[in-house]
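# Residue-level structure breakdown
The primary structure of each chain is shown beneath.
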Amino acid sequence: MPTTYTANDPATLVPLSPYATAMELMVRSWFAAGHEVLWIPIIEVGDGPAGAAQARADAAQHGDPKLLRAFADLDGLPPDINGWLFPAHLNDTCIVAMRDDAGAVTFGSLTHPTTRQTLFYSSDTESGLLDLRRIGLPKDAPPSSRPSAV
């Protein structure tokens with residue numbers, strides 16, 4: 001169950017819920033130690049042309065990272081968009097946060113659909129795609145039929 005809170009004073013931490021997860025406690029500790037945290041939106045691309053168009057619209061509207069200086073700043077995240085929580089004092093992160101329409105913030109991580117391994121911000125999730133797309137193309141296929149890196 002996600003933890004719901006209301007921020008009256010952005011400089012204070014709100015009381016812990018009995019449902020606080022280990023990830024939420026980790027995020028709270030970053031802010032309590034005075035670290036700034038960058039929220040980096042994860043723009044997901046759905047299938048087909050409509051999916052790509054929606055991803056472009058989402059990126060235009062929510063594509064900029066947001067600097068968070070207090071736990072209460074999570075209230076300012078756009079609703080229903082997952083984003084990496086990247087603390088300034090670390091080199092990588094696996095924690096993702098999303099605020100729903102009701103204001104509840106959920107903390108979690110992403111799992112690779114094939115390997116089932118936890119993904120980190122620095123995880124390479126795209127390089128194998130080009131190799132998979134090339135399977136079945138003859139070696140002498142014209143360059144126009146080969147996929148290009150995006």
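Scroll up to find the structure.
Residues numbered from 1 in each chain as written. Predicted model: local features only at pLDDT ≥ 70, side-chain atom pairs only at ≥ 80, totals over all residues. Heavy atoms only, no water.

Sheet analysis places strand S3 (residues 83–87) next to strand S4 (residues 96–99), joined by two bridges and oriented antiparallel. Across the sheet, residue tryptophan 84 finds its bridge partner in S4, namely valine 96. Two elements, S4 and strand S5 (residues 105–108), share four bridges in a ladder whose sense is antiparallel. Across the sheet, alanine 97 pairs through a bridge with phenylalanine 107, a residue of S5. Connecting the antiparallel pair S4 and S5 is a turn made up of five residues, with glycine 103 showing a positive phi of about 100°. (Pairing = 2+ DSSP bridges. Helix = DSSP H or I, 4+ residues; strand = E, 2+ residues; numbered from the N terminus.)

Let's shift gears to the pairing of strand S1 (residues 37–41). For S1, the tally of buried residues reaches four of five residues, placing the bulk of the element in the interior. As paired elements, S1 and S3 share five bridges and run antiparallel to each other. Following the sheet pairing, tryptophan 39 is matched in S3 by leucine 85. (Buried < 20%, exposed > 50% of the residue type's maximum accessible area, 1.4 Å probe, protein only.)

The next point concerns the pattern of salt bridges. A full pass over the atoms with the stated rule returns two salt bridges. Note that arginine 28 is salt-bridged to glutamate 24, the shortest N-O span being 2.9 Å. Of the two residues, arginine 28 and glutamate 24 both sit in helix H1 (residues 22–32), four residues apart, roughly one turn of that helix. The two residues arginine 28 and glutamate 24 agree in class, both being buried. (Salt bridge = Lys/Arg side-chain N within 4 Å of Asp/Glu carboxyl O.)

So, on to the packing of aromatic side chains. In the structure shown here, the tally under the stated rule is four aromatic pairs. With centroids separated by 6.1 Å and ring planes inclined at 85°, the aromatic side chains of tryptophan 84 and tyrosine 121 adopt a geometry described as edge-to-face. With tryptophan 84 in strand S3 and tyrosine 121 in the loop between S5 and helix H3 (127–134), this residue pair connects regions lying 37 residues apart in the sequence. Using a relative accessible area of 9% as the deciding quantity, one classes tryptophan 84 as buried. Residue classification places tyrosine 121 among the partly exposed positions, given a relative accessible area of 38%. Taken together, the aromatic side chains of Phe31, Phe71 and Phe107 make up a single cluster linked through ring pairs. (Phe/Tyr/Trp six-rings, centres within 6.5 Å; stacked < 30°, edge-to-face > 60°.)

To continue, consider helix H2 (residues 48–62). Counted at 1.5 Å a residue, the expected span for H2 with its 15 residues is 21 Å, and the 21 Å between its end C-alpha atoms agrees. Within H2 the residues assigned to the buried category are Gly51, Ala55, Asp58 and His62. Seen from one end, H2 has its buried residues packed into an arc of 65°, which puts them on one side. Within H2, the exposed residues directed more than 90 degrees away from the buried face are Pro49, Ala50, Arg56, Ala60 and Gln61. Where H2 is buried, its residues meet S1. (Expected span 1.5 Å × (residues − 1). Arc of directions from axis to C-beta. Contact = heavy atoms within 4.5 Å.)

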